[in-house]
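Below are the chains, spelled out letter by letter.
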Amino acid sequence: MELTEEQREGLEKASRILAGAQHVVALVGAGMSAESGIPTYRGQGGLWTRIGEPDPRAFQNFAADPKGWWERMLDRDRNPQSPERSRFGSSMQDAKPNPGHYALVDLERMGKLKWIITQNVDNLHRAAGTKHITEIHGNRTLLRCVHCHFRIPRDEFEIDPHNLPPHCPQCGGVIKGDGVMFGEPIPPDSLDMCIQQANACDCMLVLGTSGTVYPAAGFPLHALQRGARLIEVNVDPTPISAMVDVALRGPSGEFLPLLVSRLRELQVQKAV
Ligand SMILES: [Zn+2]
């Protein structure tokens, strides 16, 4: 990517903010997944734009009849779905982490990045190697107990189709997919961790999120009010852009690796 003068200056400023920060938190939105080929839900070409928004009462329906929900789930696993939905499913299944995901792993290993809060359910951060993360809307590869929030990879949990819904090995509560459904509250353990991290950070990276979906949209403002610096990386301007210290206009997959390498140079200079 050929950088403009403005982008070069932004990159330098962002690198220096990162170099001075002790506790960096990244807030990640759909833009990062889109760079790995996962279509968005809303907007032009989005899944919901094509097949319609999901049922706003999805969670209430699940809670009223978890057995029926699981029967439909297992049935859908066995039988072909609508072409639109299965195209979306396989784009998630086949998606690989991009250079932005790996740059965040580097930042974590350097001891800079303490936590990722992601709105994405695609598991790409963990696949890249990130250790400290809250998936605020859940993770498509996990199951979760609605009672105690125990989570387990779906691959490792045996589901008896004759004894539905499955129950939590820890507390006996009902198990559902970890993905947060329409009408379902954000799991309180996830929300608590996000608030704790927004409180603790002295720099927040706001990556590929439009800053309009709550509660995630509130975290940068929260961090800002507590004196944190904000760095935005997004292809387009967002409602958050006006309040950030630096706005880098472009893909995370391009900018984050550049930030990491400039940060390494600054750290070497400091050490000499
Ligand atoms: Zn449980």
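Quick caveat: nothing in here was measured; it's all calculated off a predicted structure.

Each value, and the rule that gives it
Residues numbered from 1 in each chain as written. Predicted model: local features only at pLDDT ≥ 70, side-chain atom pairs only at ≥ 80, totals over all residues. Core = buried A, V, L, I, M, F, W, Y, C linked by C-beta atoms within 7 Å. Buried ≥ 20, exposed ≤ 12 C-beta atoms within 10 Å, placed from the backbone. Helix = DSSP H or I, 4+ residues; strand = E, 2+ residues; numbered from the N terminus. Contact = placed C-beta atoms within 7 Å. Pairing = 2+ DSSP bridges. Axes fitted to C-alpha atoms, helices over the stretch in contact; angles between N-to-C directions.

### Observations concerning the nonpolar core
Then, in step 1: L27 and M204 are the most contacted members of the largest nonpolar core, which totals 43 residues.
Then, in step 2: Per-element accounting of this core gives the leading share, 6 residues, to helix 11 (residues 252-271).
Then, in step 3: Apart from residues lying up to four places away in sequence, L27 is in contact with I117, M204, V206, L207, T209, A216, F219 and P220.
Then, in step 4: With 5 residues, the next largest nonpolar core counts F62, W70, V180 and M181 among its residues.

### Some details on the environment of V235
Then, in step 1: The residue V235 is located in the loop between strand 8 (229-234) and strand 9 (246-249) in this model.
Then, in step 2: Note: C-alpha distance between V235 and R249 (14 residues apart in sequence) is 5.0 Å.
Then, in step 3: The residues touching V235, leaving out its near neighbours within four places in the chain, are G31, R249, G250 and P251.

### Details of the sheet that holds strand 3 (residues 133-135)
Then, in step 1: Read across the sheet, 6 strands follow the order 3-2-1-7-8-9 without closing on themselves; strand pairing throughout is parallel. Every interior strand has two partners, whereas the edge strands, strand 3 and strand 9, have only one. Taken pair by pair, the neighbouring strands of this sheet meet at an average axis angle of 15 degrees, ignoring direction.
Then, in step 2: Pairing analysis gives 4 bridges linking strand 8 to strand 9, with the strands arranged parallel.

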